[in-house]
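Secondary and tertiary structure notes
Here's the letter readout for the chains.
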Amino acid sequence: MKATLLLAVFCLTSFICRADDLLPPITTGQRVATCGHSFHVFTYKQVDEIAKFAGLDHQLVGLSSIGGSTVQKHWDIPEEKSAVKQVLKTGMVDVLTLSPIWLPDNAIELFVKLGIEHNPALRITVQEYWMPSDEYNPVYPLDTKKKVDHNVTDIAKLRDATMRYAKDIEDYVLGINQRLGKQSVFIVPVGMAAVTLRDKIIKGEAPGLKTQAELFRDYWGHALAPLQILSSYCHFAVIYRRSPVGLRVPNAFKALKDMSDEDKVKLNKLLQEIAWDTVTHHPLTGLMKPVAAK
């Protein structure tokens, strides 16, 4: 294992990050491909919009969208039918974003190896998403019909469930990076950001949002605009190592017809702040300067 490989222990409650601990932001537009399901694929175009608000020449170069999919389902698509496999083999991809459901999912490493073979500088992100049905029940296929009242979910229990899932993601990503001998795979901690937002809603600190249920369009947990944009800000922050704070209100906010323009501006800022705080307090997002192994 190379000495420059980041060896990190994930502990959001004790991890402290200072501004001088962070790598400089990426200032050139990135070529991004995505494999994902309905809890992830919306970031593909939303991050493109956010990046362009930031003046970046972001490029969308390949998308594989399959509902309810493991990464394995995307890998199983024959190469001649897979836009993502084809573009990875050209080496013309800077970032590949993936979103498993539960782990293990061996296709994550298969995509990593394919991409790195053709572009050693490729960065691969793995999304740690919010808990479907507000619980950590790592079985597949998911129970999409279970009735859940998001407004009565115990946030402390939800945070614990999210941390257990996040630890699964952390261990998996660390294992892949250790086998590579370098840090090429990074985590986008969307689930922890979502818990923070829900806590803000309960405390009355989320402008324009009164209930947790306003984040979801169904029991399962498909995201409405505020949660989608929070997720996309997290992805933007990881891809560009840059804070989204100060960027304009995204077009997705047009769906919030019962929210005032003033609250939209305030909520947008809150989502930006939560995303940046979450990403900069997680050691596997790629924002931290590498720590040499002793």
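Residues numbered from 1 in each chain as written. Predicted model: local features only at pLDDT ≥ 70, side-chain atom pairs only at ≥ 80, totals over all residues. Heavy atoms only, no water.

**Digging into the pattern of salt bridges**
Applied cut-off: Any carboxyl oxygen of Asp or Glu within 4 Å of a side-chain nitrogen of Lys or Arg constitutes a salt bridge here. For the purposes of this entry, the term helix denotes a DSSP run of H or I that reaches at least four residues, the term strand denotes a run of E that reaches at least two, and both are numbered from the N terminus. Summary of the burial criterion: residues with accessible area below 20% of their type's maximum are buried, those above 50% are exposed, and those between are partly exposed, where the area comes from a 1.4 Å probe applied to protein chains only.
The final tally for this structure, using the stated rule, is 13 salt bridges. Its salt-bridge partner being Lys52, residue Asp48 comes within 2.6 Å of it at the nearest N-O pair. On the criterion of helical spacing, the pair formed by Asp48 and Lys52 is a turn pair, its members being four residues apart in helix 1 (residues 42–53). Residue Lys52 is classed as partly exposed on the basis of its relative accessible area of 42%. Salt-bridge contacts for Arg179 lead to Glu109; the nearest nitrogen and oxygen are separated by 2.8 Å. Of this pair, Arg179 sits in helix 5 (residues 155–180) while Glu109 is found in helix 4 (residues 107–118), placing the two residues 70 residues apart along the sequence. Owing to a relative accessible area of 56%, Arg179 belongs among the exposed residues under this scheme.

**Description of the sheet that holds strand 4 (residues 123–127)**
What counts, and what does not: Two strands pair if DSSP finds at least two bridges between them. Geometry is summarised by axes, namely lines fitted to C-alpha atoms with helices restricted to the contacting stretch, and by angles between N-to-C directions that run from 0 to 180 degrees. Residue contacts are defined here by distance: any two heavy atoms, one from each residue, within 4.5 Å place the two residues in contact.
Taken in spatial order, the five strands line up as 2-1-3-4-5 in an open sheet, and their pairing is parallel. Because the sheet does not close on itself, it has two edges, and the strands there are strand 2 (59–65) and strand 5 (185–188). The mean angle between the axes of side-by-side strands here comes to 20°, regardless of whether they run parallel or antiparallel. Relative to strand 2, strand 1 (residues 31–36) runs parallel, the two being bridged by six bridges. Bridging from a neighbouring strand, Gly36 pairs with Ser65 of strand 2. Contacts between helix 3 (residues 83–90) and the sheet are confined to strand 1, strand 2 and strand 3 (95–98), with strand 2 contributing the most and set at about 140° to the helix. The strands touched by helix 7 (residues 225–240) within the sheet are strand 1, strand 3, strand 4 and strand 5, with strand 4 carrying the most contacts at an inclination of about 155°.

**Quick word on the packing of helix 1 against helix 7**
Just so we agree on the cut-off: Each crossing gets its handedness from the near helix: less than a right angle anticlockwise from the far helix is left-handed, clockwise is right-handed. Nonpolar residues are Ala, Val, Leu, Ile, Met, Phe, Trp, Tyr, Cys and Pro. Charged residues are Asp, Glu, Lys and Arg, and all others, Gly as well, are polar.
Between helix 1 and helix 7, whose axes approach to 9 Å, the crossing angle comes to 65°. Here helix 1 runs over helix 7; the crossing is right-handed. For the pair helix 1 and helix 7, the contacting residues are Phe42, Thr43, Gln46, Val47, Ile50 and Ala51 in the first and Gln228, Ile229, Ser231, Ser232, Tyr233, His235, Phe236, Ile239 and Tyr240 in the second. When the residues that make up the contact of helix 1 with helix 7 are grouped by side-chain class, the tally is nine nonpolar, six polar and no charged.

**A closer look at the side chain of Arg241**
For the record, the criterion: Under the counting rule used here, the positive set is Lys and Arg, the negative set is Asp and Glu, and His together with the chain ends is not counted. Definition of a polar contact: a pair of N or O atoms within 3.5 Å, with one able to donate and the other able to accept a hydrogen when the atoms are protein atoms, and with sequence-neighbouring residues admitted only if both atoms are side-chain atoms.
Topologically, Arg241 is positioned in the loop between helix 7 and helix 8 (261–280). Despite its burial, Arg241 pairs with no opposite charge, the nearest such side chain being Asp94 at 11 Å. A distance of 2.9 Å separates a polar side-chain atom of Arg241 from the backbone oxygen of Pro24.

**Brief notes about the pairing of strand 4**
Here is the key point about a regular strand: its side chains alternate between the two faces of the sheet. Along strand 4, five of the five residues are buried, which leaves the element largely enclosed by surrounding structure. The side-chain alternation of strand 4 yields two buried faces, one formed by Arg123, Thr125 and Gln127 and the other by Ile124 and Val126. With four bridges joining them, strand 3 and strand 4 adopt parallel strand pairing. From the neighbouring strand, Val95 faces strand 4, where its bridge partner is Arg123.

**Some words on unusual backbone geometry**
A negative phi angle is the norm for most residues apart from glycine, just as the trans form is the norm for most peptide bonds. Looking along the chain, the bond that leaves Leu103 and enters Pro104 is cis, with omega of 0°. With respect to the secondary-structure elements, Pro104 resides in the loop between strand 3 and helix 4. Between Tyr140 and the following residue, Pro141, the backbone shows a cis peptide bond with an omega angle of 5°. Locating Pro141 in the fold gives a position in the loop between strand 4 and helix 5.

Interpretation note: all reported values are geometric properties and have no functional meaning in isolation.
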